[in-house]
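Here are the chains, one letter per residue:
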Amino acid sequence: MDMKKYSSISDDELITMMHDGDGEVVDYLMEKYKDLVRSCAGSMFILGGDSQDLLQEGMIGLLKAVREYDCGRDAGFRTFANLCIRRQIYTAVRASGRQN
């Protein structure tokens, strides 16, 4: 898979391409924003878990963002993805606190 072909395309256009059936776009966006996930996960702690658990939760949040982003909204994709990632991680952290 040649990811370079997507590097000059805006996130909004990529999301539109994904909705039109280009499945490789999801992989590209997941790779492009994995450092954002790391950044979000690095600032939190989960009881009884490790950093890999938070990274996994963050990637779930990123995948939700990719699937649910609406190009017609005021916020850009990165802002929306950041919010989805942080919410997913925060929910996991809260759930771990209730279990212990």
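Draft legend 1. Region of interest: the environment of Asp50. Residue position: Asp50 is located in the loop between α3 (34–42) and α4 (51–68). The exposure class assigned to Asp50 is partly exposed, which follows from its relative accessible area of 42%. Separated by 32 residues in the primary sequence, Asp50 and Asn82 have C-alpha atoms spaced 21 Å apart.

Draft legend 2. Structural detail: the packing of α3 against α4. Where α3 contacts α4, the axes come no closer than 9 Å and their chain directions differ by 130 degrees. As summarised for this structure, α3 and α4 are arranged oblique, according to the angle between their axes. α4 is crossed by α3, and the crossing has right-handed handedness. For the pair α3 and α4, the contacting residues are Lys34, Val37, Arg38 and Ala41 in the first and Leu54, Leu55, Gly58, Met59 and Leu62 in the second. Residues of the contact of α3 with α4, tallied by class, amount to six nonpolar, one polar and two charged.

Draft legend 3. Main features of the side chain of Gln88. Relative to the helices and strands, Gln88 resides in helix α5 (residues 77–99). Given the relative accessible area of 15%, Gln88 is considered buried. With near-sequence residues (within four places) excluded, Gln88 lies in contact with Glu57, Ile60, Gly61 and Lys64.

Draft legend 4. Fine view of the state of the cysteines. A full pass over the atoms with the stated rule returns zero disulfides. With no disulfide of its own, Cys40 has Cys84 as its nearest cysteine by sulfur position, at a separation of 11 Å. On the basis of relative accessible area, Cys84 is assigned to the buried category, the value being 14%.

Rules used in this analysis
- All chains use their own residue numbering, which begins from 1 and follows the written sequence.
- At least 70 in pLDDT is required for a residue's local features to be given in this predicted model, at least 80 for side-chain atom pairs to be given and counted, and no such filter applies to totals for whole chains, interfaces and linings, which use all residues.
- Side-chain figures throughout are based on the complete set of non-hydrogen atoms in the structure, without hydrogens or water.
- Segments assigned H or I by DSSP are reported as helices when at least four residues long, segments assigned E as strands when at least two residues long, and all are numbered from the N terminus.
- Only protein chains enter the area calculation, which uses a 1.4 Å probe; residues under 20% of their type maximum are buried, those over 50% are exposed, and those in between are partly exposed.
- Each axis is a line fitted through C-alpha atoms, taken for helices only over the stretch in contact, and angles between the N-to-C directions span 0 to 180 degrees.
- Angular relationships are summarised with four words: roughly parallel below 35 degrees, roughly antiparallel beyond 145, roughly perpendicular across 65 to 115, and oblique for the angles in between.
- Handedness of each helix crossing follows the sense of rotation of the near helix against the far helix: counterclockwise by less than a right angle gives left-handed, clockwise gives right-handed.
- Only heavy atoms matter for contacts: two residues are in contact if any of them lie within 4.5 Å across the pair.
- Under the scheme applied, nonpolar residues are Ala, Val, Leu, Ile, Met, Phe, Trp, Tyr, Cys and Pro; charged residues are Asp, Glu, Lys and Arg; polar residues are all the others, including Gly.
- Disulfides are defined as cysteine sulfur pairs within 2.5 Å.

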